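Chain by chain, the residues:
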Amino acid sequence: MQIENHWLTQARPCPSPFFNERPSDEVSLLVIHNIALPPLTYGGNAIEQLFTGCLPLDNHPYFKTLEGVEVSAHLLIQRTGELVQFVAFDKRAWHAGVSNFAGRTQCNDFSIGIELEGSDNQPYTQLQYKQLVLVTKALIDHYPLLNKDRICGHDAIAPGRKTDPGRAFNWSGYKQSLQALLS
Ligand SMILES: [Zn+2]
């Protein structure tokens, strides 16, 4: 995995309008999410459409609940392992919302958000874990304030409000694979 000008060269770029400048150049936290559109449904391009502001609201009743929603993440890892990048890592993507990490609020300011195509209670694919570990390693190598202890789920920074990446996410397996790559 390589990062050039804050874009992952192995990811397909799909630029989102939903980002802005970080208040400082600090990138010190990785936040892991899940998303499926409609819920529990995989494949298709609805996630890309949501993150670029062109979700066809008439295509599914659930989509209507997302009218006017402006959200993004830096990266999506699809079930197939394909990587899609929406926002440059040095910019502020809109993924965390109201959040708090170790006493600091506004986690979007200093974090990178990665979405796994998935759901809280359905196992993620091995291809996704493989890619996530490789991407995490590349990010830790590239952004000096990131490290293996500054990785969390959305649920950890927005408890009571968010549950992703959910019980299905294998934190110990992910951390072990990452550790093996870092050492
Ligand atoms: Zn989330």
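Overview of the structure. (Residues numbered from 1 in each chain as written. Predicted model: local features only at pLDDT ≥ 70, side-chain atom pairs only at ≥ 80, totals over all residues. Heavy atoms only, no water.)

1. Looking at the nonpolar core
Side chains of a nonpolar character, in soluble globular proteins, are inclined to be buried together.
1) Next: In this structure, Ile 112, Ile 114, Leu 139 and Tyr 174 are the most contacted members of the largest nonpolar core, which totals 28 residues.
2) Next: Those elements giving two or more residues to this core turn out to be strand S5 (29-35), strand S6 (75-77), strand S11 (111-117), helix H3 (126-142) and helix H5 (171-182).
3) Next: Other than its neighbours up to four places away in sequence, Ile 114 contacts Leu 30, Val 31, Ile 32, His 33, Leu 75, Ile 77, Leu 132, Val 135 and Leu 139.
4) Next: In terms of nonpolar packing, the next biggest core, distinct from the first, is built from 16 residues, Ile 35, Ala 46, Leu 50 and Ala 73 among them. (Core = buried A, V, L, I, M, F, W, Y, C linked by side-chain atoms within 4.5 Å. Buried < 20%, exposed > 50% of the residue type's maximum accessible area, 1.4 Å probe, protein only. Helix = DSSP H or I, 4+ residues; strand = E, 2+ residues; numbered from the N terminus. Contact = heavy atoms within 4.5 Å.)

2. Description of the packing of aromatic side chains
What describes a pair of aromatic rings is the distance from one ring centre to the other and the angle between the planes of the rings.
1) Next: Within the structure shown, the criterion is met by nine aromatic pairs.
2) Next: When the centroid spacing of 5.8 Å and the interplanar angle of 80 degrees are considered together, the rings of Tyr 124 and Phe 169 count as edge-to-face. Of the two residues, Tyr 124 sits in the loop between S11 and H3 while Phe 169 sits in the loop between helix H4 (154-157) and H5, which places them 45 residues apart along the sequence.
3) Next: Sitting above the plane of the Tyr 42 ring, Arg 79 keeps its charged end 4.2 Å from the centroid.
4) Next: The side chain of Arg 104 reaches across the aromatic face of Phe 110, ending 4.0 Å from its centre. (Phe/Tyr/Trp six-rings, centres within 6.5 Å; stacked < 30°, edge-to-face > 60°. Lys NZ or Arg CZ within 6 Å of the ring centre and 35° of its normal.)

3. With respect to the pattern of salt bridges
1) Next: If you walk through the whole model with that rule in mind, you get eight salt bridges.
2) Next: Here the salt bridges do not stand alone but share partners, grouping Arg 12, Glu 48 and Glu 82 into one network. (Salt bridge = Lys/Arg side-chain N within 4 Å of Asp/Glu carboxyl O.)

4. Side note on the packing of H3 against H5
Between two packed helices, what matters for the description is the angle formed by their axes and the separation of those axes.
1) Next: Remark: H3 packs on H5, axes separated minimally by 10 Å, with the N-to-C direction vectors making an angle of 50 degrees. Relative to H5, the element H3 lies oblique. The way H3 lies across H5 gives a crossing that is right-handed. Residues Leu 132, Val 133, Leu 134, Thr 136, Lys 137 and Ile 140 of H3 form the contact with H5, whose own contacting residues are Tyr 174, Ser 177, Leu 178, Leu 181 and Leu 182.
2) Next: Of the residues belonging to the contact of H3 with H5, the class tally is eight nonpolar, two polar and one charged. (Axes fitted to C-alpha atoms, helices over the stretch in contact; angles between N-to-C directions. Parallel < 35°, antiparallel > 145°, perpendicular 65-115°, else oblique. Left-handed = near helix turned anticlockwise from the far one by under 90°. Nonpolar A, V, L, I, M, F, W, Y, C, P; charged D, E, K, R; others polar.)

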